[in-house]
Amino acid sequence: QVQLVESGGGLVQAGGSLRLSCAASGSVSSIYAMGWYRQAPGKQRELVARITVSGSTNYADSVRGRFTISRDKIKNTVYLQMNSLKPEDTAVYYCTAVRMGPDSWGQGTQVTVSS
């Protein structure tokens with residue numbers, strides 16, 4: 001199995017920046033892609049960004065141009081750089097790893113953006 005640990009959440013003012021980190025351990029060789037989801041109160045969980053083993057990336061329309069997903073192959077860590085944050089970005093952010101076995105999820109990290 002794969003274990004994921006997120007970090008980097010916090011409270012920032014609108015227009016500020018945060019960088020989230022997700023460290024993977026366990027059967028990391030089985031991971032095909034990793035991504036970030038978020039869920040705000042009263043909202044459905046949505047895909048924010050994802051990156052495959054080959055380096056291909058995808059972004060939600062709401063964050064494209066503001067957020068950047070990247071990876072460190074040696075450290076088995078994926079990052080989400082979040083710039084120009086808006087109050088509507090406030091949510092719990094979850095890291096996920098996609099593999100041939102069951103998908104893995106982190107426990108989430110809270111991001112709060114004040115107006």
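Scroll up to find the structure this text is about.
Residues numbered from 1 in each chain as written. Predicted model: local features only at pLDDT ≥ 70, side-chain atom pairs only at ≥ 80, totals over all residues. Heavy atoms only, no water.

K.L.:
How would you explain the side chain of Arg99 if you had to name every residue and give the values?
P.N.:
Looking at the element boundaries, Arg99 is found in strand E9 (residues 91-99). Buried Arg99, no salt bridge; nearest opposite-charge side chain is Asp103, N-O distance 6.5 Å. Sequence-distant contacts of Arg99, defined by excluding residues within four places in its chain, comprise Gln1, Val2, Ser30, Ile31, Tyr32 and Ser104. (Helix = DSSP H or I, 4+ residues; strand = E, 2+ residues; numbered from the N terminus. Buried < 20%, exposed > 50% of the residue type's maximum accessible area, 1.4 Å probe, protein only. Lys, Arg positive; Asp, Glu negative; His and termini not counted. Salt bridge = Lys/Arg side-chain N within 4 Å of Asp/Glu carboxyl O. Contact = heavy atoms within 4.5 Å.)

K.L.:
Let's hear about the state of the cysteines: which residues, and what values?
P.N.:
Cysteine pairs can be covalently joined through their sulfur atoms, and such a bond is termed a disulfide. What the rule picks out here adds up to 1 disulfide. Each sulfur of the disulfide joining Cys22 and Cys95 lies 2.0 Å from the other. Taking the sign of the torsion about the S-S bond as the criterion, the disulfide between Cys22 and Cys95, at about -85°, is left-handed. Pair noted here: Cys22 is in strand E3 (residues 18-26) and Cys95 is in strand E9, with a separation of 73 residues, a long-range link. Take Cys22: its relative accessible area is 0%, and that puts it in the buried class. (Disulfide = S-S within 2.5 Å.)

K.L.:
Quick rundown of the sheet that holds E3? Include the residues and the values.
P.N.:
The strand order E1-E3-E8-E7 describes an open sheet built from 4 strands, whose pairing is antiparallel. Edge positions in the sheet fall to strand E1 (2-7) and strand E7 (67-72), since each has one partner strand and no second. Across the sheet, the mean angle from the axis of one strand to that of its neighbour is 15°, orientation sign disregarded. Sheet topology places E1 next to E3; 6 bridges connect them, and they run antiparallel. By the bridge assignment, Leu4 is partnered in E3 with Ala24. (Pairing = 2+ DSSP bridges. Axes fitted to C-alpha atoms, helices over the stretch in contact; angles between N-to-C directions.)

Function cannot be inferred from these measures alone, as they are strictly geometric.
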